[in-house]
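# Fold and contact review
Spelled out, the chains give:
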Amino acid sequence: MTPQDFLECYASGKRNFKGFSLAGIDLSKADIIGSNLQLANLENAIFTLAYLTRVNFRRANLARAQLAGANLNQANLTQANLSDANLHGASLQGADLRSAQLPLADLMDANLIEADLRNADMSGANLTGACLRGANFRQEDRKYIANLRGANLRQADLEGANLRGADLAYVDLSEANLANVSLQGADLHGANLQGAYLQSANLSDALMADANLEQADLTNVLANRVNLSQAHLDQALLHDIRLAEALLAETSMQDVVLTRANLNRADLSRANLTRADLTAATLVEAYLGRANLGQADLTNAVLARAEISSATFIDTVLTGTTMPDGSVHA
Amino acid sequence: MSMKPSSAQSSTTERALAAIVLTDAVSFSARMSVDEEGTLMLIQRDLELIAEQCECFGGKVLKSTGDGLLMSFYSAVQAVLCSQEVQKQLAKLAESSAAGESLQHRIGVHLGDVLFRHQDVLGNGVNIAARLQAKSAPGGVCISQTVYDVVKARIDINATFLGPLKLKNIQEPVAAFQIPPFGQSATMVVPQLAGQPVVTDLSPLAIAAATLEQAPQIRRIKKLIFGTYQGVWENDPKVLMQFDLLPLLKQLYQRHRTLISLEKALQTMAARLNHKSAYLAVADTILQALEPVYTEAEDSASDGEVASRSSLRDRYNEIAETLAQQTDRLRIKKLLYAVIHTAWENDQAVLALHTLADLVTDVHQIAPSEADLSYHLERIIKRLNRHNHYAQLALIISEAFHPLYGSPAEAAPMVTELSAEPLADGHTMMFGSDKPVIDEGLTSLTGWQSSVLSDGQTSVHSSQLAIANVCPIEGPQDAKIHDRANLYALRLEIMRYTNPLRAKILLLSTVRSPFTATPQDWLTLKSKSLDDLIKTTFQYCQTFSDLESKLTIMSHCVGNVGENIQAAGAILQAMKPFYP
């Protein structure tokens, strides 16, 4: 079937192309809104800048298809094979991508607002700059969570997403928007979160060992019991962060801002807190064995019952600091 | 002419017969070297206008050369009609703009076989159009004989035959015709050509201009006229070259409706100069040349106008009386004096020489509209120490002058009226605005450069003046400007309202060159995220109006204009809150 034949059929009112074999067809810029292409073989098909709103691609084979700039709003892509497909700058707002196969797909700068991504396989996909606000990644109380292993999420917008328990080990989330995201118990070890925006996110119980959070904004984050050992947090903003019982062993935190942070019972052994701003932070019962607090500012901080005997305090500001013995430093 | 140029996305080369139109701004680089920002603003405005007209006449903008556009048309008639309309619109725009706030453009049109490749067009036909453009009179259109032959039966064009022209790098001589600038007859452009009908309906002002052009001290004449009109002394011949004598005279005549008023203005300016006596003589020459203009005007003035003139005097007296009742009349006098003389006068003896009625009369000459008055008052006040106090007085003056401007029915609430009224009527006098008003000396280039500020900027000042009694004047009002460090909301906005890929194509085209869908272009597009492109665009487009015009022009240069305009709209909407 040639593109002309196909478009003539569509123009004559035909909508049902279920199971058609249309591999490699060039329908760039075509308008086939509302077609039924269920189970169709569309491998290597070209839909660049095409209008595919509400098209039914359920279980269709779209492997290596060219869908750059295509309008796929509200399209049904459940269980579709989109592996290695090019969806650069495509619009998938409200699309149903449940259980879709998207490994290695290019979703750079794609609009995935309110898309349903439950159980979708996006491993190794390029999601640079993609907007995923309101996208559904997981069903509560079920295991069907989107697979983002090895995906590139640089500058992606995930604000408010529910990524509880997601496997995001080693993913690139640099400069991503993770404000209000739930990453509770997620695996982010070795992930790149440099310059990411995480305000008010939930990182409780997350595994973030060895992650890069330099210059990231973690203001007002809830991160109790998070594992940030050996992570890099230099110049990060951590105002009002709750890090109670967090594991911060050997963490690099030079020049961080931890004003009013809650570090009660946190493990900061061998952490590098050089020039850190800990004004009004609470470190009750914190463990600071061999921690470096050189030139740090602990004005009005509370170190009650903290273990600081082997910590370094060179040029540290301790004005009004409550010391481990309960005394207030002059 | 039935062949169609290839579509934007096609990567094949296609040969076609097309009418090629090329425009070019006159002395663009010279003006750029004098005032980069102002000139850029003007060129963007003009190119936008040209692109719009091109679309209206069914043409296609192929590319921008920076100071001109390359366009193609399927029809030579449409190409010529479009070129004429463009020059007409630009002439009208120039007429309504202040002196120095408009550019002139040359246009060349040729019909020939050309090669369309991607969005570009190549071939001898394009080269000829380019050479013809260079031969055109500023404000005019130069068309080849081929174009002329095709269109002469369909369009009534008053073109002058230029003869076979030897064009640079073109082997055969090309016969060409000159369509004169809008509002001019063919003979005015090429007067030396014989065999053309001679039109002699020259206005008295045009005759005066022609007389002055012949005078031996034309350079000094121009300097004095320019200086008197603009209020700044300009010695740079390159800058002066940009201004034709006739429009300057027209504007001067509009401001000074009597010969006496003009005489006073010219002599005041001359008296301030080093070569005072030489320039007083120059002033005489100018007055002599312009005398017939004034006598003719008086002859044609009806009795009714004389009556209105005398009633105007009564109104000046009324305003003077109102102001005289103010307790702070001395400071009011100082302000009015400063508006007229651009110098701050503290000497009571000097001020005593001027009655309030005289000052009111002269201020009205300088500020024929309410916006002008606010502008001049604001200009002075912002350099005074006692801003707030003088802002109050300015308000009193504005209120007193209000009956002079328009009927009460038209008078909108002050703030809206002032901010809505652009100062484009040629009276935006700018004095060395960087210098304190105490400095008597007139500045040269600095003043001129700032005189090319946009209308928008000037009207901001006037609206600030109107609210001066509520808040201090200094500094622009800080509207809430969004932080450019966090662009997530901006991207969300763009994605919600337009196709992300189209937005990227448009932005990449704007900051680089028009997207032509080549594999290289696609690779470039993939190497830049939307975020990267937005950041580059912020750097590239310093002001919102800059962004607006660049995006609009680009919408016409990249395939699928309708979709692009939609995308440009969404981008502009989203980016606007991030500009001051």
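Since the model is a prediction, treat every value here as computed from it, not as a measurement. (Residues numbered from 1 in each chain as written. Chains lettered and ligands numbered in written order. Predicted model: local features only at pLDDT ≥ 70, side-chain atom pairs only at ≥ 80, totals over all residues. Heavy atoms only, no water.)

## Examining the overall build of chain B
- Helix and strand counts for chain B come out as 27 helices and 8 strands.
- Across the 580 residues that make up chain B, the buried fraction comes to 51%.
- Taking contacts inside chain B between residues at least 6 apart in sequence as the whole, the part at least 24 apart equals 73%. (Helix = DSSP H or I, 4+ residues; strand = E, 2+ residues; numbered from the N terminus. Buried < 20%, exposed > 50% of the residue type's maximum accessible area, 1.4 Å probe, protein only. Contact = heavy atoms within 4.5 Å.)

## A short note on the overall build of chain A
- Counting secondary structure elements, chain A contains 1 helix and 0 strands.
- Here chain A, with 330 residues, has 57% of them falling under the buried criterion.
- Long-range pairs, those at least 24 residues apart, make up 7% of the contacts in chain A between residues at least 6 apart in sequence.

## Quick look at the interface of chain B and chain A
- With 23 residues of chain B at the interface, the matching set in chain A holds 30 residues.
- Of the roughly 2100 Å² buried between chain B and chain A, counting both surfaces, carbon and sulfur atoms make up 52%.
- Considering only the surface of chain B that becomes buried against chain A, Y488, M495 and K526 of chain B emerge as the three largest contributors, covering 30% of it.
- Counting the contacts that link chain B with chain A gives 4 salt bridges.
- In this structure, K504 of chain B and D109 of chain A form a salt bridge, with 2.6 Å as the shortest nitrogen-oxygen distance.
- Counting across the chain B and chain A interface gives 15 residue pairs in polar contact (both at pLDDT 80 or more).
- Counting residues per element, the side of chain B that touches chain A draws most heavily on helix 22 (residues 488-497) of chain B, at 6 residues. (Buried area = accessible area lost by both parts, 1.4 Å probe. Salt bridge = Lys/Arg side-chain N within 4 Å of Asp/Glu carboxyl O. Polar contact = N/O pair within 3.5 Å; in protein donor to acceptor, adjacent residues only side chain to side chain.)

## Brief notes about the pattern of salt bridges
- Under the defined criterion, the tally for this structure stands at 24 salt bridges over all chains.
- Salt-bridge contacts for K264 of chain B lead to D362 of chain B; the nearest nitrogen and oxygen are separated by 3.1 Å. Of this pair, K264 of chain B sits in helix 11 (residues 259-271) while D362 of chain B sits in helix 16 (residues 356-366), and the two are 98 residues apart along the sequence.
- For K264 of chain B, a relative accessible area of 47% gives the class partly exposed.
- D531 of chain B is the partner of K535 of chain B in a salt bridge, and the nearest nitrogen-oxygen pair spans 2.7 Å. Highlighted residues: K535 of chain B and D531 of chain B, both in helix 25 (residues 530-540), separated by 4 residues, approximately one helical turn.
- The exposure class of K535 of chain B is partly exposed, given its relative accessible area of 35%.
- Connected through shared salt-bridge partners, D96, R98, D116 and R118 of chain A make up one network.

## Looking at the packing of aromatic side chains
- Taken as a whole and judged by the stated rule, the model has 10 aromatic pairs over all chains.
- Aromatic pair Y148 of chain B and F177 of chain B: ring centres 3.6 Å apart, planes at 10°, arrangement stacked. Remark: F177 of chain B occurs in strand 8 (residues 174-179) and Y148 of chain B occurs in helix 5 (residues 145-151); sequence separation between them is 29 residues.
- Relative accessible area serves as the criterion here: at 18%, Y148 of chain B is assigned to the buried category.
- Since its relative accessible area comes to 8%, F177 of chain B is described here as buried.
- Following the ring pairs from residue to residue traces out a cluster consisting of F538, F544, F578 and Y579 of chain B.
- When the ring centre of F17 of chain A is taken as origin, the NZ or CZ atom of K14 of chain A, which lies over that ring, is 5.5 Å away.
- Over the ring of Y10 of chain A we find R15 of chain A; its NZ or CZ atom is 3.8 Å from the centre of that ring. (Phe/Tyr/Trp six-rings, centres within 6.5 Å; stacked < 30°, edge-to-face > 60°. Lys NZ or Arg CZ within 6 Å of the ring centre and 35° of its normal.)

## Digging into the nonpolar core
- The biggest cluster of nonpolar side chains holds 118 residues, and the ones touching the most others in it are M122, F137, L158, L218 and L258 of chain A.
- The residues touching L158 of chain A, leaving out its near neighbours within four places in the chain, are L132, F137, L153, L163, L173, N177, L178 and V181 of chain A.
- Membership of the second largest hydrophobic core comes to 77 residues, among which are I113 of chain A together with L487, L533 and F538 of chain B. (Core = buried A, V, L, I, M, F, W, Y, C linked by side-chain atoms within 4.5 Å.)

## As for unusual backbone geometry
- In this model, N119 of chain A sits at a positive phi of 65°, which is unusual for a non-glycine residue.
- Mapped onto the secondary structure, N119 of chain A falls in the segment after helix 1 (3-11).

## Some points on the packing of helix 14 (residues 329-341) of chain B against helix 18 (residues 387-401) of chain B
All names here are of chain B.
- Taken N-terminus to C-terminus, the directions of helix 14 and helix 18 make an angle of 75°; their axes are 10 Å apart at the nearest point. Accordingly, the angle class assigned to the pair helix 14 and helix 18 is roughly perpendicular. Contacts between helix 14 and helix 18 involve R331, I332, K334, L335 and L336 from the first element and H389, Y390, L393, A394, I396, I397 and F401 from the second.
- Looking at side-chain class alone, the contact of helix 14 with helix 18 contains 9 nonpolar, 1 polar and 2 charged residues. (Axes fitted to C-alpha atoms, helices over the stretch in contact; angles between N-to-C directions. Parallel < 35°, antiparallel > 145°, perpendicular 65-115°, else oblique. Nonpolar A, V, L, I, M, F, W, Y, C, P; charged D, E, K, R; others polar.)

## A short note on the confidence of the model for chain B
Residue and element names in this part refer to chain B.
- Put simply, chain B has an average pLDDT of 75, and 78% of its residues get 70 or more.
- Of the regions scoring below 50 in pLDDT, residues 1-10 engages in 24 contacts with residues more than four places distant in sequence or in other chains.
- Interface scoring of the predicted complex returns ipTM 0.91; its pTM is 0.52. (pLDDT = per-residue confidence, 0-100.)

## Topic: helix 4 (residues 124-135) of chain B
Residue and element names in this part refer to chain B.
- Helix length check: helix 4, at 12 residues, gives a terminal C-alpha distance of 17 Å against a target of 16 Å (1.5 Å per residue), a fit within 8%.
- What helix 4 keeps buried is the set G125, V126, I128, A129, L132 and Q133. Down the axis of helix 4, the buried set is contained in an arc of 160°. They therefore lie on one face. (Expected span 1.5 Å × (residues − 1). Arc of directions from axis to C-beta.)

## Looking at the state of the cysteines
Residues and elements named next belong to chain B.
- All chains considered together, the criterion is met by 0 disulfides over all chains.
- C82 takes part in no disulfide bond, and the closest cysteine sulfur, belonging to C54, lies 5.4 Å away.
- By relative accessible area, C82 is classed as buried at 1%. (Disulfide = S-S within 2.5 Å.)

## Here's the deal with the packing of helix 2 (residues 36-56) of chain B against helix 26 (residues 544-557) of chain B
Residue and element names in this part refer to chain B.
- In contact at an axis separation of 9 Å, helix 2 and helix 26 are set at 30° when each is read in the N-to-C sense. By the angle between their directions, the pair helix 2 and helix 26 is classed as roughly parallel. In this structure, helix 2 crosses over helix 26, and the sense of that crossing is left-handed. For the pair formed by helix 2 and helix 26, the contact residues are Q44, L47, E48, A51 and E55 on the first element and D546, S549, K550, T552, I553 and H556 on the second.
- Classifying every residue of the contact of helix 2 with helix 26 by side-chain character gives 3 nonpolar, 4 polar and 4 charged. (Left-handed = near helix turned anticlockwise from the far one by under 90°.)

## What about helix 7 (residues 204-214) of chain B?
- Among the residues of helix 7 of chain B, those classed as buried are L205, A206, A208, A209 and L212 of chain B. Projected down its long axis, helix 7 of chain B carries its buried residues within an arc of 160°, all on one side.

## Regarding the side chain of N564 of chain B
Residue and element names in this part refer to chain B.
- Along the chain, N564 turns up in helix 27 (residues 561-575).
- There is a polar contact of 3.3 Å between the side chain of N564 and the backbone oxygen of S555.
- Ignoring anything within four residues of it in the chain, the contact list for N564 reads R502, L506, S555, V558 and G559.

## Comments concerning the environment of R270 of chain A
- Within the secondary structure, R270 of chain A is located in the segment after helix 1.
- Sequence-wise, R270 of chain A and E250 of chain A are 20 residues apart; in three dimensions their C-alpha atoms are separated by 4.8 Å.

## Let's talk about the side chain of S529 of chain B
- Looking at where S529 of chain B falls in the secondary structure, it is placed in the loop between helix 24 (519-527) and helix 25.
- On the accessibility criterion, S529 of chain B (0% relative accessible area) is buried.
- A distance of 2.4 Å separates the side chain of S529 of chain B from the side chain of Q155 of chain A, its partner in a polar contact.
- If near-sequence neighbours (up to four positions away) are discounted, S529 of chain B is found in contact with M108, D109, T128, R154 and Q155 of chain A together with K504 of chain B.

## A look at the environment of L525 of chain B
- Tracing the backbone shows L525 of chain B in helix 24.
- Take L525 of chain B: its relative accessible area is 0%, and that puts it in the buried class.
- For L525 of chain B and L507 of chain B, which are 18 residues apart along the polypeptide, the C-alpha to C-alpha distance reads 9.8 Å.
- Among all residues touching L525 of chain B, those that are not within four sequence positions of it are H88 of chain A together with L501, K504, I505, L508 and F515 of chain B.

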